[in-house]
Amino acid sequence: MIKPAKALENLPPYVFVHLLEFKAQAKALGRDIIDLGMGNPDLPTDPAIVEALAQAARDPATHRYPLGKGTPQFLSAVTGFYQRRFGVGIDPVSEALALIGSKEGLAHAFFALANPGDTVIVPTPAYPAHINAPYISRTKPHWAVLSQKNNFLVDFGKIPTAVLKKTKLMVLNYPNNPTGAVVTDRNYLKEALKLASRHGFLLIYDNAYSEITFDGYQAPSILEFPGAKNCAVEFNSFSKTYSMAGWRVGYVVGNAKAVGYLAKFKSFLDYGVPAFIQLAAAQAMRRGGEGEIARIYQNRRDVFLQAARDLAQWEIPKVQGSMYLWTKIPSWYKKKKSLDFVKDLVLKTGVCVSPGTGFGSAGEGYVRISLVETEDRLREAARRVGSLIERKPRIPAAAS
Ligand SMILES: Cc1ncc(COP(=O)(O)O)c(C=O)c1O
């Protein structure tokens, strides 16, 4: 009898599996699907980067195992970016590591830097890879609830000292998936670093949306703060910044020991990011122009917020970062569960959004809308949401 490992059995169901099922049923009913479920960028990678990939792949040297922490070109592009964007100096040899997408590195960090049974602090709601990492690594999660009234920031004062004392890792992610929250008060990050330093744990800062910010807001790096490299690492990604989600390339920078242990762990699992991908990714970073993609998401945000208000009586909070809108299900919707709303919406209208519970139990009552369709399709999605509003039948005026 073949059985999965306990760690796999205990995993909560992956939200996107439900969505696949609902979408298949909706398609069978002939619905046109507008998919705002997964945060899978629809914008193509810049053709110049695709060209750089083609050129790099013509060099047979890139066909060998890449080995090491990353190619020199890749690591120097990353360190150049951190200098230019955040004013942070990174040692390319000891403080940076290429990843097969930041998801891979984030999940493996829990194996490389904590033991089964160790306490880890993870926010909820959160990106599913953060929620699931404790399950697969058999570490012990302390869930830090992100609430709207606290602007979706972790309330550090609510974490018991006894928990902090035994914590090995704490995850923070801003601009945040799924809530779109950003850090506007730098003291918040200073406080997180102070806790990590005082209690001797590693702060894992996920900055995957550092370049997807709106209305002039600029996201900080955790490494901008004095002493951060003593107790923090930062994960970042090419997926959203350069619309390169399918290329599977990201990186981690910061604390040299943590970076080194993760590199050691990975050396037993993989051979690194293919060299031609690293070379093309380095080109993407050198070209810059990070803000161009953010502007497209910002316009989409504005279009959907307006259309949801006008066409679906749905008031959705404005976000300053990420590519998501995070909102309570419409007040006119009679049932209370996120999954009921999502299922009804996709089966009746073809519009697919993610149920809040896919990001942890604290997401009940919410949905996440990914801005991964054109402005016209987003307007149409809002119109279709509005079509679910039950209109009272008109009573004809009595004849006098
Ligand atoms: C917060 C967050 N971190 C990391 C990732 C993963 O990015 P990558 O494609 O680099 O694995 C995502 C992807 O959606 C994300 O939302």
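In this text the structure is predicted, and so the values were computed from the model without any measurement.

Caption draft 1: Up close: the site of the ligand. In the region of the ligand, 13 residues are neighbours, and G101, S102, K103, S237 and S239 sit closest. Here the shell around the ligand is built from residues that sort into 3 nonpolar, 8 polar and 2 charged.

Caption draft 2: View of the pairing of strand 3 (residues 119-124). Of all 6 residues in strand 3, 5 are buried; the element is thus mostly enclosed. Relative to strand 4 (residues 140-145), strand 3 runs parallel, the two sharing 6 bridges. Note that in strand 4 the partner of V120 across the bridge is P141. Assessed by its sense of winding, the connection that carries the chain from strand 3 through helix 6 (residues 128-137) to strand 4 is right-handed. Alignment of strand 3 against strand 5 (residues 167-173), held across 3 bridges, turns out to be parallel.

Caption draft 3: Region of the structure containing unusual backbone geometry. For the peptide bond that leads from T124 to P125, omega is 0°, which places it in the cis range. Tracing the backbone through its elements, the reader meets P125 in the loop between strand 3 and helix 6. Of note, the amide linkage connecting Y174 to P175 takes the cis form, showing an omega dihedral of -10°. Its place among the elements puts P175 in the loop between strand 5 and helix 8 (186-199). The backbone of Q313 sits at a positive phi, close to 45°, despite the residue not being glycine.

Caption draft 4: Looking closely at the nonpolar core. V78, L202, L203 and A281 are the most contacted members of the largest nonpolar core, which totals 122 residues. The biggest single contributor to this core is helix 10 (residues 275-287), with 9 residues. Two domains each donate at least three residues to this core, and these are domain 1 (6-44 + 291-386) and domain 2 (47-287). Residue contacts for V78: discarding those within four places in its chain leaves I90, A96, Y251, V253 and M285.

Caption draft 5: The arrangement of the domain arrangement of the protein chain in detail. Partitioning the protein chain into domains gives domain 1 (6-44 + 291-386) and domain 2 (47-287). Placing the centre of domain 1 and that of domain 2 at their C-alpha centroids yields a distance of 26 Å. With 31 residues of domain 1 at the interface, the matching set in domain 2 holds 31 residues. For the side of domain 1 that touches domain 2, the secondary structure elements donating two or more residues are helix 11 (291-312) and strand 9 (324-328). Grouping the constituent residues of the side of domain 1 that touches domain 2 by class yields 17 nonpolar, 12 polar and 2 charged.

Caption draft 6: The arrangement of the sheet that holds strand 7 (residues 232-237) in detail. If you walk across this open sheet you meet the 7 strands as 2-8-7-6-5-3-4, and the pairing is mixed. With one partner strand each, in any of the chains shown, strand 2 (96-99) and strand 4 form the two edges of the open sheet. Going across the sheet, the axis of each strand differs from the next one's by a mean of 20°, ignoring polarity. In terms of strand pairing, strand 2 meets strand 8 (residues 250-254) through 4 bridges, oriented antiparallel. The partner of L97 across the bridge, within strand 8, is V252. Against the sheet, helix 5 (residues 102-112) touches strand 2, strand 3, strand 5, strand 6 (202-206), strand 7 and strand 8, its axis set at about 150° to strand 7.

Caption draft 7: Up close: the sheet that holds strand 9. Reading across the sheet, the 3 strands line up as 9-12-11 and stay open at both edges, with antiparallel pairing between neighbours. On the outer flanks of this sheet lie strand 9 and strand 11 (354-355), each paired with one strand and no other. Strand direction decides the pairing type here: strand 11 and strand 12 (residues 366-370), joined by 2 bridges, are antiparallel. Note on strand 12: the bridge partner recorded for S354 is R368.

Caption draft 8: Structural context of the pairing of strand 12. Burial runs high along strand 12: 5 of the 5 residues are buried. Of the two faces of strand 12, the one holding Y366, R368 and S370 and the one holding V367 and I369 are both buried throughout. Here strand 9 runs beside strand 12; their pairing, made up of 5 bridges, is antiparallel. Counterpart to L325 in the pairing with strand 12 is I369.

About the thresholds
Residues numbered from 1 in each chain as written. Predicted model: local features only at pLDDT ≥ 70, side-chain atom pairs only at ≥ 80, totals over all residues. Near = placed C-beta within 6 Å. Nonpolar A, V, L, I, M, F, W, Y, C, P; charged D, E, K, R; others polar. Buried ≥ 20, exposed ≤ 12 C-beta atoms within 10 Å, placed from the backbone. Helix = DSSP H or I, 4+ residues; strand = E, 2+ residues; numbered from the N terminus. Pairing = 2+ DSSP bridges. Right-handed = clockwise from strand over helix to strand, strands pointing away. Core = buried A, V, L, I, M, F, W, Y, C linked by C-beta atoms within 7 Å. Domains from an automatic or database assignment. Contact = placed C-beta atoms within 7 Å. Axes fitted to C-alpha atoms, helices over the stretch in contact; angles between N-to-C directions.

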